[in-house]
Each structure stands twice: as structure tokens, then as C-alpha cells.
Amino acid sequence: MKIKNKLCLLITIFMLTGCYNYRELNDLAITTAFGIDKDENGYKMTFQVVNTKKSSSQDNDSGNPKIIVYEQTGKTTQEAARKIILESPKRVYANHVVLLVIDENVAKEGIENVLDLLFRDAESRKQYMVLISKGTTAKEILQTLTPLEAVNAQDILKSIIADSKYYGMSEDITLESLMESLINSKKEIIIPSIKLIGNKEISSSKENIESSNTSAKVILGEMAIFKNNKLVGYATEKESIALSYIRGKLKDTIVTMECPNNKDKYFSVELIGVKTKKKASKNKLEVTLDITGNGSIAEIYCDYNLEKIKTINTLEKNLEKHLTNEIKNSIISLNNRYQSDIYDFKELFYKTNPKFYNIIKKDYYDKYFNNIKININTDIKLIEKGTITKVIKDEE
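Everything numeric here is computed off the predicted structure, so don't read it as measured data. Residue positions are given per chain, counting from 1 as you read along its sequence in written order. Local features in a predicted model are, by the rule used here, given only for residues with pLDDT of at least 70; side-chain atom pairs are given and counted only at 80 or more, and totals for whole chains, interfaces and linings are based on all residues. Side-chain metrics rest on all non-hydrogen atoms present in the structure, leaving aside hydrogens and water.

Chemist: Account for the overall build of the protein chain, naming residues and giving values.
Modeler: Numbering of helices and strands runs from the N terminus; a helix is a DSSP stretch of H or I covering at least four residues, while a strand is a stretch of E covering at least two. Counting its secondary structure elements, the protein chain contains 13 helices and 13 strands. The buried label goes to any residue with under 20% of its type's maximum accessible area, the exposed label to any with over 50%, and the partly exposed label to all in between, with areas taken from a 1.4 Å probe on protein chains only. A total of 396 residues make up the protein chain; the buried ones form 46% of that total. Any two residues whose heavy atoms approach within 4.5 Å at even a single point are treated as in contact. For the protein chain, long-range pairs separated by at least 24 residues make up 71% of all intrachain contacts whose partners lie at least 6 apart in sequence. Roughly 21,900 Å² of accessible area belongs to the protein chain as shown, and the carbon and sulfur atoms make up 50% of that amount. In short, Shrake-Rupley with a 1.4 Å probe defines the accessible areas, and a residue's cover is counted only from the protein chains shown.

Take a look at the structure:
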């Protein structure tokens, strides 16, 4: 009897299951990216939508666009977003969004207000990447056609992931992580930037992808620096990589430096498995960075015999000194220009000793920030020398 009751219960459960908010795919505009720009009346919202129109093979050959870009303006981002329905016959569906691009002019005024709509939206996931458009609008970025991916949001997404893994100039900032930073009074935010270079006039036309060397290109830029949630400037490429070291986000990268015995020649080392540990003093304005990793000699023009342990030790010491100086110089330069704790030192002091943090938090930038002593310890082991141990050079 018990088995029959259980069977009836299971059958009932299966009969009751279903999607309460089920919608037909044909009724939805599958959105892959958002863009937010300034407008004289408020804001301009741009939606990059996948073209799901069923086309014949002949239509595909004729170059049917794979993306459609809609835009509307409004006094708020919510108003602009809702007015998209005036252009699109389908309702915008945001659960497949992978990218949000914010115009730098919007970011300079503060981003917390324009993101309120996206923070509150229960329909969309919050794991999509956020970028700042530098020197161009968000709309221009999203309507540019790219050769390798029909949907350029996917092209940009893959570039961000590849860079964060193998070079370290960009940090993958998602809307979710941005939300966490914005509500944390002990953190300043940084966001990767993106640029449009080349002939902008044809960036959205088929002509842009008909050549092997596209006329207009969307490329990743340096990290955008914020203070009090407002964009204040940009780091350089070197400074952006230094930030990745400091913030513990760098995994692998390439370091190129001068040969110790010849300043006109260089060698490159691929760093792998990089890790950064940050420690703060309990009662002093002092932070220590311990950076470790392994290195592989990727290319070398120095007149060295890599079979000798002494040579490897010399290269390791010079590499460690180079990294230490690059990071120190980047911190000094960024602090002089922006006075923003983008290194998360403030939060580190809080986690280490809340009582000491309470002493310094009120006048943190006026009295304490520039007086923080930063110790940088680097320990890099060259574990790979390549398949040859001697430098290839011309013989006279």
C-alpha cells in the first residue's frame, strides 16, 4: 500500500511541474549586450540582439546581419530600455547577455545610478562582463562587425577571458563583482576599457569584414580607474599589468627586459602560476606583497650560456628586480595622478585589525594613503629554458 501511495505522489508531482513564465522563443529578442551612453535628454540605451530570423541559404550567402542593434533615449535607463519596444516587435530577453558597455562620459558622472536598473532586474543574470568605452560610444562598440564572431559581444568576451589568463592587462569584472565593490565602502573600483580604432565610418557595415585586415577594430584597452564610483582616468598598459599583480588577479604573462650585459638586446620570460599574497601590519601603515611564480625563457638575445646555473641565477635576480621596480613605479605614478586605493589596501587593513582601520578610515586619503609603506618581495624560478640552451647568433 505504501508503494502505491508513493507512486501516486510521484505521478502527481510530475503532472504539476511546468514553467510558470514560459515564453515562446519566437516571441523574444535574445539580447547579447547592453550599452549605456549619455544623451542630451538623459541616457541612450543600446541593445545588441541576435537576428533569429529563419533565412534561406540564399539569404545567408547575401550577408544577412547576425546582429541587430536597437537604441532609444530616456531620462532614465529604465525609460530608454522600455522604449526599445517601439523598434523591436519582440520583447527583450536579457538572460543571455554577456556584455555591458558603459560610455566613459557616463562613468565620469558616476555609475551607481545608471546601474540601478540592471541591479534590480530579476530576469537577467549578473555574471556578464562590464567594460568602459574609451574614446568612443558604447553604441559604436556594439554595432561594429567582427570577422571571427558573427556576434561581436562573444568576440569581445573571448578577448577579455584570453587576456586575463595569458597577459594580465585586463581583469574580468562582472556586474555581480561590480555590485559587491559598489556597496563596499572600503573598496574603489576598476573596470577594463575597450576602444574602437580605424575607420569608424564603416565599422558597422559588411565592408568592414570583407578584408583580411579589418578597417575598424574593437580592441581591449587599459584599466579604467575610479574614485568614489566616478571615472577619474586610465592606467597605462604597464600600470594595468602591475595592478593585476597587486590585486592577485594575474595568472600568466610575458615579461620582456634588457639583457644585463647589453642594454640594446632583450629577453622575454613567460610567467606561469603567478600568485600574490597581501599582508597588512596590525598597527602600522605598512603592506607587504609576496609575489611568486615560475618562468619559462621564451626568447633571448643575450649572449648567455643557459647551461650554467650561475647564468640562470643572474637572470632570475634581474627578473625579480625588474618586476619589483615596475610595480613600485606603477604605484607611485597611479597615486600621483588619481589618489585612489584601487589596490584594496583599505579593506586589507580592516580585515587585519578593525580597530586600527577605524582610526585611519575618516582621513584615509588626506592623511594616511600616501604614507603607506609598501614592501614587495618577488620570488620567480626559471624552470624552463626551451629546447636549446645556447643563444643563436650569426658567426662572422
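Chemist: So what about the packing of helix 9 (residues 237-246) against helix 10 (residues 309-338)? Which residues, and what values?
Modeler: Under this scheme, a helix contributes an axis fitted over its contacting stretch, all axes are lines through C-alpha atoms, and angles between N-to-C directions fall in the 0 to 180 degree range. Two numbers describe how helix 9 lies on helix 10: the axes approach to 9 Å, and their chain directions differ by 105°. Comparing their axes, helix 10 and helix 9 come out roughly perpendicular. Facing helix 9, whose interface residues are Lys-238, Glu-239, Ala-242, Leu-243, Tyr-245 and Ile-246, helix 10 presents Leu-323, Glu-326, Ile-327, Ser-330, Ile-331, Ser-333, Leu-334 and Arg-337. In terms of residue class, the contact of helix 9 with helix 10 is built from eight nonpolar, two polar and four charged. Working definition: roughly parallel below 35 degrees, roughly antiparallel above 145 degrees, roughly perpendicular at 65 to 115 degrees, and oblique for all remaining angles. All amino acids are sorted into three groups, where Ala, Val, Leu, Ile, Met, Phe, Trp, Tyr, Cys and Pro are nonpolar, Asp, Glu, Lys and Arg are charged, and the leftover types, Gly among them, are polar.

Chemist: Explain the nonpolar core to me, and be specific about the residues and the numbers.
Modeler: If you look at the biggest cluster of nonpolar residues, it comprises 52 residues, and the most contacted ones within it are Tyr-245, Phe-345 and Phe-349. Broken down by element, this core gets its largest block of residues, eight residues, from helix 10. With residues near it in sequence (within four places) discarded, Phe-345 still touches Ile-246, Lys-278, Val-287, Leu-289, Tyr-364, Ile-372 and Ile-374. Counting 36 residues, the second largest nonpolar core, distinct from the first, contains Ala-29, Tyr-70, Val-97 and Ile-132. For the purposes of this section, nonpolar cores are sets of buried Ala, Val, Leu, Ile, Met, Phe, Trp, Tyr and Cys residues that join through side-chain atoms within 4.5 Å.

Chemist: Before we move on, can you summarise the layout of surface pockets with the specific residues and values?
Modeler: A cavity, in this analysis, means grid points on a 1 Å lattice covering only the protein atoms where a 1.4 Å probe fits yet has no way out; a pocket is instead an open set bounded by protein on both sides within 12 Å along at least five of seven lines, and a residue lines either one if it has an atom within 4 Å of a point. Grid points are joined across faces, edges and corners, and a volume is the space filled by probe spheres set on the points. Computed from the structure, the largest pocket encloses a volume of approximately 410 Å³. The wall of the largest pocket is formed by 15 residues, among which Gln-78, Ala-81, Arg-82, Arg-91 and Val-92 lie closest to the centre. Among the secondary structure elements, those contributing two or more residues to the lining of the largest pocket are strand 2 (42-50), helix 3 (77-82), strand 4 (91-93) and helix 5 (116-120). The element best represented in the lining of the largest pocket is helix 3, accounting for three residues. Residue composition of the lining of the largest pocket, by class: 10 nonpolar, one polar and four charged.

Chemist: Please give an account of the packing of aromatic side chains that cites residues and values.
Modeler: When two rings of Phe, Tyr or Trp (its six-membered ring) have centres within 6.5 Å they constitute a pair, described as stacked for plane angles under 30 degrees, edge-to-face for angles over 60, and tilted for the intermediate range. Under the definition given, this model contains nine aromatic pairs. Centre to centre, the rings of Tyr-364 and Phe-369 are 5.8 Å apart; their planes meet at 50°, and the pair counts as tilted. Its relative accessible area of 3% is what places Phe-369 among the buried residues. Three or more aromatic residues joined by ring pairs make a cluster, and in this case those are Tyr-343, Phe-345, Tyr-364, Tyr-365 and Phe-369. Positioned above the aromatic ring of Tyr-234, the side-chain terminus of Lys-134 is 4.5 Å from the ring centre. For a ring to carry a charge above it, either NZ of a lysine or CZ of an arginine must fall within 6 Å of the ring centroid while also lying within 35 degrees of the normal to the ring plane. The ring of Tyr-365 has Lys-227 lying over it, and the distance from NZ or CZ to the ring centre is 4.3 Å.

Chemist: Kindly report on the pairing of strand 10 (residues 253-259), identifying the contributing residues and their values.
Modeler: As judged from the seven bridges shared by strand 10 and strand 11 (residues 262-280), these two strands associate in the antiparallel manner. In the strand pairing of strand 11, Thr-256 is matched with Ser-268. DSSP-based pairing: two strands are paired if at least 2 bridges between them are found. Where strand 10 hands over to strand 11, the hairpin turn is made up of two residues, counted between the paired strands.

Chemist: Help me get a handle on the environment of Thr-146, residues and values and all.
Modeler: Tracing the chain through its elements places Thr-146 in the loop between helix 6 (138-143) and helix 7 (152-166). Relative accessible area serves as the criterion here: at 10%, Thr-146 is assigned to the buried category. Separated by 58 residues in sequence, Thr-146 and Ser-204 place their C-alpha atoms 9.0 Å apart. Beyond its immediate stretch of four places on either side in the chain, Thr-146 contacts Asn-152, Asp-155 and Ile-209. Side-chain polar atoms of Thr-146 contact the backbone oxygen of Glu-149, separated by 2.8 Å. For the purposes of these results, a polar contact is taken to be a pair of N or O atoms within 3.5 Å, where, inside protein, one atom must be able to donate a hydrogen and its partner to accept one; residues adjacent in sequence count only when each atom of the pair is a side-chain atom.

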